[in-house]
Amino acid sequence: MESSTVPAGSATTPAGGSPGSSAVNNPADISVIVIYFLVVLAVGIWAMVRTNRGTVGGFFLAGRSMVWWPIGASLFASNIGSGHFVGLAGNGAAGGIATGGFEWNALVIVIILGWLFVPIYIRAGVVTMPEYLKRRFGGNRIRIYLSVLSLCLYIFTKISADMFSGAIFIREALGLNLYVAVVILLSITALYTVTGGLAAVIYTDTLQTIIMVVGSFILMGFAFNEVGGYDAMKEKYMNAITSQTTDPILNISAKCYTPRPDSFHLFRNPLTADLPWPGLIFGLSILAIWYWCTDQVIVQRCLSAKNMSHVKAGCILCGYLKLLPMYLMVFPGMVSRILYTDVVACVVPSLCKQYCDTEVGCSNIAYPRLVVKLMPAGLRGLMLSVMLASLMSSLTSIFNSASTLFTMDIWTKIRPKASEKELMLAGRVFTLVLIGVSIAWIPIVQKAQSGQLFDYIQSITSYLGPPIAAIFLLAIFVKRVNEQGAFWGLIFGLAAGLSRMIAEFAFGTGSCVIPSNCPVIICGIHYLYFAIILFVATCLMVLIVSLLTKPIDDIHLYRLCWTLRHSTEKREDLDSDDWNNQDNDSKMDVDEESPRDVKCWKKAYNWFCGFEEQPQKLSKEEQEALQKQLTDISEVPLWRNVVNINAIILLTVCVFFWAYYA
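The chain goes by Sodium/glucose cotransporter 1 in an unreviewed UniProt entry, where it is assigned to Squalus acanthias. Regarding the chain, the relevant UniProt record gives this comment under Subcellular location (unreviewed entry): "Apical cell membrane". Its UniProt record gives the chain the following Sequence similarities (unreviewed entry) comment, quoted word for word: "Belongs to the sodium:solute symporter (SSF) (TC 2.A.21) family."

If you want it as structure tokens, here you go:
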């Protein structure tokens, strides 16, 4: 435990060690990183060659051919990125185990995803979440709203937070400036995208999950061995108080650098705690429904399953994997505070700025510092490559989906007759704009929520996510809800959420040392409580407006609501003049090249992307059979009972863990 007068690295030293020093400077680490990336690339190419992507039928059938274990692993890998390693460990170092409740809450929500939400999405025959709302309510304004809000959430929570956390790893390993690290990270990501390493995301996610879990378990073993086991960690953590507590200008209170008395409790005081237990149970569940049940990246994995039993089994596997972050991230973060107390538990703003380039605290470097300082050569390279590869996977998928949302849901409405070349150019330019805005947002990420990354992500989600969760829940389970109610509920929820978010960032979230001067009436409500209030208020607004306006006839709702999910009657879509039809019509005008005119490089490009030079046309009977298969939610009774029993076991395990650490 570092408790000397001058913290490790001295007051003039950056977090990674001496100025310009590199922790990854030995052949073992470099070799492991190179081998890891080659293996991931090989798996991606193997899956790309193996997958039948050339025909329309093959493309759609491949969309429902995945078995349960890659789905479960991919759900976990899509959720867990470098932001989780940095954020969960940082919150653990700063406040104890309560942040692990964010992960264990998902055990219940993934069951809700597999048993309640996915059957509706499959029966509706949709591929994207805006598409479901379009079919459920009609009109275009809700679809555009969801697309724009999704882009904002990508910037505020995913892209900027992932770049920030990845840059922390690079800075710790290579001793680079934060913004230099971000530029390097984006450059590597662009190269990684061009090489086609993400051609089969689910398979590479599965490989990454295995290596991520194994590497994290090894680090956890080293960490607990270093402090003498769990009981010793509990005692030493409560005494992990930095020796640097005086500032010539500020009068720093002891509560700002002393570990919380309830550090080893999940359920904390509902009024004064950093994570009050009602918020952790109810507020967090609302945020989890938004993330796990309505986010495109998560739901898409479930829609790729060959049948409902595989969907449910994949959700169960993901649930069991979500038990691990408490042990693989939160506890190691607490160990990092014990081992590197003066740096990780830094409280004097001027010193924190020198250690980790952030004045509000250095808890975010808890996990990266543990990897760099504690792991032996070779294993250190493995952990760093896993973190960066998972980060790059998430960034490229976010960039891809964000540019798709912009071009197909927004730009096509601004310019309905845009050529395909213009759409491609618009998508690329928008990606650059997205990156620029995300980089500009990083200083706010650094300072928000006392420098605790995971709290920052959850707080932004609390201001913008609950209205979306409310709309999807009501759309599926309340048949009476209509487009007017949904739209005005979303607008009301957005206005309320933005008013809190803008006020909080205008006044600053502050820290224990320098509290924010935001009025109590605005910022005094905990963000998880605010999520509950916003969710309830949005639901009330949606229901009131819907009851005062004309309902949607059942003929438009077959297989789109829970009570009508088994209906076999033909559904008439609302607003048959959907812009997708315009898009398809415009695309039909494009001249197709005859096979003789296609050059060799174009053939290679078509093969790489999975395009056929002469796309196969399906007969009407084949299309009907394919559609029936894609919307089938029937299960073999044996396997239905097996997954149901396992779901009950998972929920029992969840209750046990909550009760044990409560």
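A.B. asks: Explain the overall build of the chain here, please?
C.D. replies: For the chain, the count of helices and strands is 29 helices and 0 strands. Taken across its 662 residues, the chain has 56% of its residues classed as buried. By element, 65% of the accessible surface of the chain is carried by carbon and sulfur atoms, the whole surface being about 27,900 Å².

A.B. asks: So what exactly am I meant to see when it comes to the packing of helix H4 (residues 82–95) against helix H18 (residues 366–374) here?
C.D. replies: Each pair of packed helices gets described by two things: the angle between the helix axes and the distance between those axes. Contact pair H4 / H18: the axes reach a minimum separation of 7 Å and the direction vectors enclose 100°. By the angle class used here, H4 and H18 are roughly perpendicular. Facing H4, whose interface residues are Phe85, Val86, Ala89 and Ala93, H18 presents Ala366, Tyr367 and Pro368. Within the contact of H4 with H18, the residues separate by chemical class into 7 nonpolar, no polar and no charged.

A.B. asks: Hey, could you run me through the packing of aromatic side chains in this one?
C.D. replies: To describe a pair of aromatic rings, one takes the distance between the centres and the angle between the planes. The tally for this structure, following the rule as stated, stands at 25 aromatic pairs. The cationic tip of Lys234 hangs over the ring face of Phe264; the distance from NZ or CZ to the ring centre is 5.6 Å.

A.B. asks: What is the right way to look at the side chain of Arg123 in this model?
C.D. replies: With respect to the helices and strands, Arg123 occurs in helix H6 (residues 106–124). Take Arg123: its relative accessible area is 14%, and that puts it in the buried class. What Arg123 contacts, discounting residues up to four positions off in sequence, is Arg559, Arg565, His566, Ser567, Thr631 and Ile633.

A.B. asks: I would appreciate a short explanation of the state of the cysteines in the present structure.
C.D. replies: Here, disulfide denotes a covalent bond that connects the sulfur atoms of two cysteines. Scanning the model with the defined rule gives 3 disulfides in all. The disulfide partner of Cys356 is Cys362, and the S-S distance across this bridge is 2.0 Å. Looking down the S-S bond of the Cys356 and Cys362 bridge, the torsion is -80°, so its handedness is left-handed. You can call Cys362 buried: its relative accessible area is 1%. Here Cys518 is linked by a disulfide to Cys523, with a sulfur-sulfur distance of 1.9 Å. Taking the torsion about the sulfur-sulfur bond, which here is approximately 65°, the covalent link between Cys518 and Cys523 counts as right-handed. Take Cys518: its relative accessible area is 11%, and that puts it in the buried class.

A.B. asks: What's the story with the pattern of salt bridges in this structure? I'm lost.
C.D. replies: Opposite charge on two side chains permits pairing when their charged atoms draw close. In total, this model carries 12 salt bridges according to the counting rule given. Residue Arg260 pairs with Asp262 through a salt bridge whose shortest N-O separation is 2.9 Å. Assessed through its relative accessible area of 24%, Arg260 is described here as partly exposed. Assessed through its relative accessible area of 16%, Asp262 is described here as buried. Ionic pairing is found between Arg268 and Asp274, a salt bridge with its closest N-O pair at 2.9 Å.

A.B. asks: Mind showing me how you'd approach the packing of H4 against helix H15 (residues 325–339) here?
C.D. replies: Where H4 contacts H15, the two axes come as close as 7 Å, and the packing angle between them is 55°. In terms of orientation, H4 lies oblique with respect to H15. As for the relative orientation of H4 and H15, their crossing is right-handed in sense. Contacts from His84, Phe85, Leu88, Ala89, Gly92, Ala93 and Ala94 in H4 reach Pro325, Met329, Val330, Gly333, Met334 and Arg337 in H15.

A.B. asks: I tried to follow the nonpolar core on my own but got confused; where do I start?
C.D. replies: In globular proteins that are soluble, nonpolar side chains generally tend to be buried together. The biggest cluster of nonpolar side chains holds 189 residues, and the ones touching the most others in it are Tyr121, Tyr132 and Trp292. The greatest single-element share of this core, amounting to 18 residues, is contributed by helix H8 (residues 141–174). Excluding anything up to four places from it in sequence, Tyr132 contacts Ile120, Tyr121, Ala124, Val126, Phe472, Ala475, Ile476 and Leu560.

Definitions and cut-offs
- Residues numbered from 1 in each chain as written.
- Predicted model: local features only at pLDDT ≥ 70, side-chain atom pairs only at ≥ 80, totals over all residues.
- Heavy atoms only, no water.
- UniProt positions renumbered as here; feature names shortened; annotations may be inferred.
- Helix = DSSP H or I, 4+ residues; strand = E, 2+ residues; numbered from the N terminus.
- Buried < 20%, exposed > 50% of the residue type's maximum accessible area, 1.4 Å probe, protein only.
- Areas by Shrake-Rupley, 256 points an atom, 1.4 Å probe, with all protein chains shown as cover.
- Axes fitted to C-alpha atoms, helices over the stretch in contact; angles between N-to-C directions.
- Parallel < 35°, antiparallel > 145°, perpendicular 65-115°, else oblique.
- Contact = heavy atoms within 4.5 Å.
- Nonpolar A, V, L, I, M, F, W, Y, C, P; charged D, E, K, R; others polar.
- Phe/Tyr/Trp six-rings, centres within 6.5 Å; stacked < 30°, edge-to-face > 60°.
- Lys NZ or Arg CZ within 6 Å of the ring centre and 35° of its normal.
- Disulfide = S-S within 2.5 Å.
- Salt bridge = Lys/Arg side-chain N within 4 Å of Asp/Glu carboxyl O.
- Left-handed = near helix turned anticlockwise from the far one by under 90°.
- Core = buried A, V, L, I, M, F, W, Y, C linked by side-chain atoms within 4.5 Å.

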